[in-house]
Amino acid sequence: MADNRIMSEIAAQPECWRRAAGLAAGLRDALPARGERVAVVGCGTSLFMAQAYAALREGAGHGETDAFAASEMPLARRYDRVLALTRSGTTTEVLAVLDGLGGAVRTTAITADPDTPVSGSAGEVISLDFADEESVVQTRFATTQLALLRAHLGEDLAAAIADAEAAVTDPLPPELLDVGQVTFLGRGWTVGIAQEAALKMREAACFWTEAYPAMEYRHGPISVTGPGRAVWMFGGLPDGLAGEVAATGGLLRAAGADPLADLIRVQRLAVARATAAGLDPERPRHLTRSVILDPAAGDGGA
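Residues numbered from 1 in each chain as written. Predicted model: local features only at pLDDT ≥ 70, side-chain atom pairs only at ≥ 80, totals over all residues. Heavy atoms only, no water.

### Focus: the overall build of the protein
- Counting its regular elements, the protein contains 10 helices and 9 strands.
- Relative to the globule expectation of 19 Å for 302 residues, the C-alpha radius of gyration of the protein, 19 Å, shows essentially globular dimensions.
- Here the C-alpha coordinates of the protein stretch approximately 55 × 40 × 40 Å along the principal axes.
- Expressed as a percentage of the 302 residues in the protein, the buried residues total 54%. (Helix = DSSP H or I, 4+ residues; strand = E, 2+ residues; numbered from the N terminus. Rg over C-alpha atoms; globule rule 2.2 N^0.38 Å. Buried < 20%, exposed > 50% of the residue type's maximum accessible area, 1.4 Å probe, protein only.)

Here's what the structure looks like:
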């Protein structure tokens with residue numbers, strides 16, 4: 001069955017993270033150095049991993065780091081390095097950024113397939129081919145590249161990997177299998193994780209989700225929460241938020257696990273919701289593994 005394949009890819013994440021962490025030291029020269037001014041670009045899931053990494057890198061004191069959707073990258077802005085995240089190595093907007101820089105800036109790409117056009121566009125290429133996927137919907141590649149980048153920043157991922165091992169086997173919260181809507185929240189680097197969680201549910205299960213910085217949730221989005229709907233927080237809860245969600249009648253989930261590991265539970269929930277709805281969680285409607293735009297056709301989708 002199709003969902004068996006994506007579940008196998010999801011279950012492989014702890015080992016993929018372990019392997020990526022082991023590679024980090026040997027990739028020191030290919031990845032952003034402390035003090036460099038860095039831009040990180042990607043599309044879709046890769047954009048959200050870029051946002052998470054940018055916040056982590058700045059928070060760790062490694063230097064100014066901006067994240068952009070590849071289509072919105074300001075090519076004239078000065079950076080010491082541009083890091084491109086692209087599972088397929090073929091995404092039109094990412095290649096356009098790398099080619100548009102024309103070698104004026106040091107560039108590195110992280111990809112699952114180095115035998116693709118990105119190898120001719122980026123100055124340096126890091127292959128995480130062991131984390132590649134057959135599914136259109138990204139799971140293990142996205143988290144593995146962020147695990148690599150976290151390890152490069154000096155993080156010890158042992159606890160995160162242990163949390164991930166629990167996340168692939170623990171029963172899903174049964175109350176979340178029946179809710180009609182979920183709002184995902186994060187702070188700092190987990191805002192990107194919240195955005196990715198919402199995307200996974202929309203892609204795989206065609207399910208209504210939203211995502212916001214946790215402190216922004218009070219400024220309007222809280223009005224969507226109520227009985228039969230849920231709020232899922234990645235990381236520590238802001239003061240007072242639990243009481244405010246309770247007052248809406250909505251369900252609050254705030255686990256103590258590493259946020260990247262908690263994302264695995266969302267991936268599993270997306271598959272479960274998709275399967276229950278009779279959908280294929282690996283190959284959702286209107287989506288392909290890579291967006292390759294035809295210049296003659298004008299603007300395309302994300």
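### Quick word on helix α2 (residues 13–23)
- Those residues of α2 that fall on the buried side of the exposure criterion are Gln 13, Pro 14, Cys 16, Trp 17 and Ala 20. Looking down the long axis of α2, one finds its buried residues gathered within 160 degrees of arc, a one-sided arrangement. (Arc of directions from axis to C-beta.)

### Details of the pattern of salt bridges
- Within the structure shown, the criterion is met by 17 salt bridges.
- Taking the shortest distance from any N to any O, the salt bridge between Arg 87 and Glu 133 comes out at 2.5 Å. Taken as a pair, Arg 87 in the loop between β3 (81–85) and α4 (92–101) and Glu 133 in the loop between β5 (124–127) and α6 (140–152) lie far apart in primary sequence, 46 residues in all. Neither Arg 87 nor Glu 133 differs from the other in exposure class; each is buried.
- The residue Lys 200 makes a salt bridge to Glu 203 at a minimum N-O spacing of 3.2 Å. In this pair, Lys 200 and Glu 203 are both assigned in helix α8 (residues 190–205), 3 residues apart and thus about one turn of the helix distant. Both residues of the pair, Lys 200 and Glu 203, belong to the buried class.
- What emerges from the salt-bridge pattern is a single network uniting Glu 36, Arg 81, Arg 106 and Glu 124. (Salt bridge = Lys/Arg side-chain N within 4 Å of Asp/Glu carboxyl O.)

### Some details on the sheet that holds strand β8 (residues 229–233)
- If you walk across this open sheet you meet the 4 strands as β7-β6-β8-β9, and the pairing is parallel. A single partner strand is all that each edge strand has here, and the edge strands are β7 (209–213) and β9 (251–254). Each adjacent strand pair in this sheet contributes to an overall mean axis angle of 20 degrees, direction not counted.
- Across 5 bridges, strand β6 (residues 181–186) lies against β8 in parallel orientation. Bridging across to β8, Phe 184 finds its partner in Trp 232. (Pairing = 2+ DSSP bridges. Axes fitted to C-alpha atoms, helices over the stretch in contact; angles between N-to-C directions.)

### Let's talk about the sheet that holds strand β2 (residues 65–69)
- Taking strand neighbours across the sheet as the criterion, the 5 strands line up as β2-β1-β3-β4-β5 in an open arrangement whose pairing is parallel. A strand with exactly one partner marks an edge of an open sheet, and here the two such strands are β2 and β5. Each adjacent strand pair in this sheet contributes to an overall mean axis angle of 20 degrees, direction not counted.
- Its contacts with the sheet place α4 against β1 (38–42), β3 and β4 (106–111), and it is angled at close to 160 degrees to β3. (Contact = heavy atoms within 4.5 Å.)

### Looking at the pairing of β3
- Where burial is concerned, most of β3 is hidden: 5 out of the 5 residues are buried.
- Side-chain alternation along β3 places Arg 81, Leu 83 and Leu 85 on one buried face and Val 82 and Ala 84 on a second face that is also buried.
- Where β1 and β3 come together, 4 bridges link them in parallel fashion. Among the inter-strand pairings, Val 41 is bridged to a residue of β3, identified as Ala 84.

### What about the nonpolar core?
- Counting residues in hydrophobic clusters, the biggest one holds 66 residues, and the most contacted among them are Trp 17, Ile 110, Leu 146, Leu 148, Phe 184 and Ile 193.
- The biggest single contributor to this core is helix α10 (residues 259–276), with 9 residues.
- Residues contacting Leu 148, with those up to four places away along its chain left out, are Ala 20, Leu 23, Ala 24, Leu 27, Leu 31, Ile 110, Ile 126 and Leu 128. (Core = buried A, V, L, I, M, F, W, Y, C linked by side-chain atoms within 4.5 Å.)

### Here we look at the packing of aromatic side chains
- Scanning the model with the defined rule gives 4 aromatic pairs in all.
- Between Phe 184 and Trp 232, the ring centres sit 5.8 Å apart and the planes meet at 45 degrees, which makes this aromatic pair tilted. A residue pair is termed long-range when its members are at least 10 positions apart, and Phe 184 in strand β6 and Trp 232 in strand β8 qualify at 48 residues.
- Residues Trp 232 and Phe 234 carry aromatic rings whose centres are separated by 6.1 Å and whose planes lie at 25 degrees to one another, so their mutual orientation is stacked.
- According to the relative accessible area criterion, Trp 232 is buried, its value standing at 1%. (Phe/Tyr/Trp six-rings, centres within 6.5 Å; stacked < 30°, edge-to-face > 60°.)

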